[in-house]
Amino acid sequence: MSVKCIPAIVVVMLLCLATGYFYLQESSFTQGLTLTPATVVGFGSKARLSTSVNGQASSTDLQPVAEFQYASTSYRVEGRALGYPRWQLGEVVEVYFAEQNPHQARIKRWDELYFYTLLSGAFLILTLLCPLLNIFIRKLIKTKA
């Protein structure tokens, strides 16, 4: 093994550890929390992603604000993730929250619960694909030469 490979191996190992750590943290977040229905009442500061495909403009609502009731008090929770599939105003969602501190809440959806795991996993996959793409391109160039 070449000495040049050591930094890449270290980066891959760190990304594996980070992905595992985030998964353990985010999957244990829901333990001991209460699940309750909530309603999407608006969109947060990172609310819109606008795109244009074939001249057709479209937008996606990325960050929902959901409201739920606990002990005759309303609480709000902002989403933190991707927004696919699209959020709808008035949509009923489920929210995990801590009864001791209802402000500590998270919307029950895979991209909301595992946001950092998905993010670090994506970096890990990209990091692993780069050398494979490099090998593929080198072989392609050698066959043409």
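Above this text sits the structure in question.
(A) Inspection of the nonpolar core at higher detail. Formed by Ala38, Val40, Ala66, Phe68, Tyr75, Val77, Trp87, Val93, Val95, Phe97, Ala105 and Ile107, the largest nonpolar core amounts to 12 residues. Listing elements by their share of this core, those giving two or more residues are β1 (34-43), β4 (64-70), β5 (73-78), β6 (92-97) and β7 (105-107). With three residues, the top contributor of residues to this core is β6. When residues no more than four places from it in sequence are discounted, the contact partners of Ala66 are Ala38, Thr39, Val40, Val41, Tyr75, Arg76, Val77, Val93 and Ile107. In terms of nonpolar packing, the next biggest core, distinct from the first, is built from five residues, Leu33, Tyr96, Ala98 and Leu113 among them.

(B) Just the environment of Gly90, in detail. With respect to the helices, strands and loops of the structure, Gly90 is situated in the loop between β5 and β6. Distance in space between the C-alpha atoms of Gly90 and Ala38 is 9.3 Å, their sequence separation being 52 residues. Sequence-distant contacts of Gly90, that is, excluding residues within four places in its chain, are made with Thr39 and Val40.

Reading guide: rules and limits
Residues numbered from 1 in each chain as written. Predicted model: local features only at pLDDT ≥ 70, side-chain atom pairs only at ≥ 80, totals over all residues. Heavy atoms only, no water. Core = buried A, V, L, I, M, F, W, Y, C linked by side-chain atoms within 4.5 Å. Buried < 20%, exposed > 50% of the residue type's maximum accessible area, 1.4 Å probe, protein only. Helix = DSSP H or I, 4+ residues; strand = E, 2+ residues; numbered from the N terminus. Contact = heavy atoms within 4.5 Å.

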